[in-house]
Amino acid sequence: MCSRSCAQCIGYTLIPLAVCCIVANILLYFPDGDATYVKDGHLATYVWFFAGIVGGGVLMFLPAGVFICLGDYECCDCCGHRGCGECCAMLGSILVALIGALGSAYCFIVSAIALTIGPLCYTQQNWKYPFENETGEYLTNFNSWSTCEKPKNVVVWNVSLFSILLGLSGIEFLMCAMQVINGLVGAICGPCCNRQQYAMNKA
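Model, not experiment: these values are computed from the prediction. (Residues numbered from 1 in each chain as written. Predicted model: local features only at pLDDT ≥ 70, side-chain atom pairs only at ≥ 80, totals over all residues. Heavy atoms only, no water.)

Tallied over the full model, the rule gives eight aromatic pairs. A centroid spacing of 6.3 Å and a plane angle of 45 degrees characterise the contact between Y46 and Y129, whose relative ring orientation is tilted. Here Y46 is found in the loop between α2 (36-40) and α3 (51-55), whereas its partner Y129 is found in the loop between β2 (126-128) and α6 (154-202), with 83 residues between them in sequence. On the numbers, 5.5 Å between centres and 75 degrees between planes, the contact of Y46 with F162 is edge-to-face. Of this pair, Y46 sits in the loop between α2 and α3 while F162 sits in helix α6, placing them 116 residues apart in sequence. (Phe/Tyr/Trp six-rings, centres within 6.5 Å; stacked < 30°, edge-to-face > 60°. Helix = DSSP H or I, 4+ residues; strand = E, 2+ residues; numbered from the N terminus.)

Below you can see the structure in the form of C-alpha cells.
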C-alpha cells in the first residue's frame, strides 16, 4: 500500500510539471509576445520539435493518470492470489514510468541542443543562427546577445524558456525513475507484506 501511495504522490507531481512544459513550449512560438514571426516562419527549427508539448507535456499525462489511479486501486486476485494482483499492478506502473521517462528525456535533449545552438534571429540583413558555432559560449557572454536585432529580446526569451523546459523535464525524468524503483520494490515486497497483513488479520 505504501508503494501505491508513493506512486499516487508522483502522479500528482507530474501533472503541474507537464502543464508548465506545455505552456513554456507554446510561448516559444511568440518571441517577446509577438505572433509575427510564427506567421512568417522565422522560428528556430527545434521549436517545432514539440519537445515541451509532447515529450514533457501530453505524454506525461499517461503515467500521471496511471500513478494516481494506482493509489486508489484495490488489487484484484491474480492466479488466486491477491499478492499477485499487487505485483502485476506495480509492474504495469513500471512500464508507463519508462514511457514517461522517454518523453521527458526527449524534452531534455531537445532543450539542451536548443540552448547550445541558440536562437534563429535577424542580424546583418540576414536570418541565421549567429551562435551555433560557439557551443553554448554565448550563454555567459551577455554582450553578444545584442547581435540579434529581431525578434526583440529573442535570446533572453529562448534561453529562459528552454532553461525552464530543461529543468522541468529533468525533474519529470527523476520522478519517473523514482517510480521505476518504487514499482520494483512494490512488486517484490508487496506480496510479502500482504501475506503478513493477512496472517495478522486472521490471527
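Moving on from the model shown.
Turning our eyes to something else, we now look at the state of the cysteines. Tallied over the entire structure, the rule returns one disulfide. Through a disulfide, C121 is tied to C148; the S-S separation comes to 2.0 Å. An S-S torsion of about -60 degrees defines the bridge between C121 and C148 as left-handed. Remark: C148 occurs in the loop between β2 and α6 and C121 occurs in strand β1 (residues 121-123); sequence separation between them is 27 residues. There is no split in this pair, since C121 and C148 are both buried. Counting only cysteine sulfurs, C6 is the nearest neighbor of C9, a cysteine outside any disulfide, at a range of 6.5 Å. (Disulfide = S-S within 2.5 Å. Buried < 20%, exposed > 50% of the residue type's maximum accessible area, 1.4 Å probe, protein only.)

For the rest of this paragraph, the subject is empty space enclosed by the protein. Taken as a whole, this structure holds one cavity of 30 Å³ or more when the rule is applied. Computed from the structure, the largest cavity encloses a volume of approximately 50 Å³. Forming the walls of the largest cavity are L28, P31, H42, L43, A44, V47, P119, L120, P151, V154 and N158. Looking at the lining of the largest cavity, its residues break down into nine nonpolar, two polar and no charged. (1 Å grid on protein atoms, 1.4 Å probe; cavity = no way out; pocket = protein on both sides within 12 Å on 5 of 7 lines; lining within 4 Å. Points joined across faces, edges and corners; volume = space filled by probe spheres on them. Nonpolar A, V, L, I, M, F, W, Y, C, P; charged D, E, K, R; others polar.)

What follows covers the UniProt feature "transmembrane region" (unreviewed entry) in the chain. Per the UniProt entry, the sites bearing "transmembrane region" (unreviewed entry) are residues 12-31, 43-70, 91-117 and 154-174 in this numbering. Segment residues 12-31 splits into 80% helix and 0% strand. End C-alpha atoms: 31 Å apart. Across residues 154-174, the secondary structure splits into 100% helix and 0% strand, with the terminal C-alpha atoms separated by 30 Å. (UniProt positions renumbered as here; feature names shortened; annotations may be inferred.)

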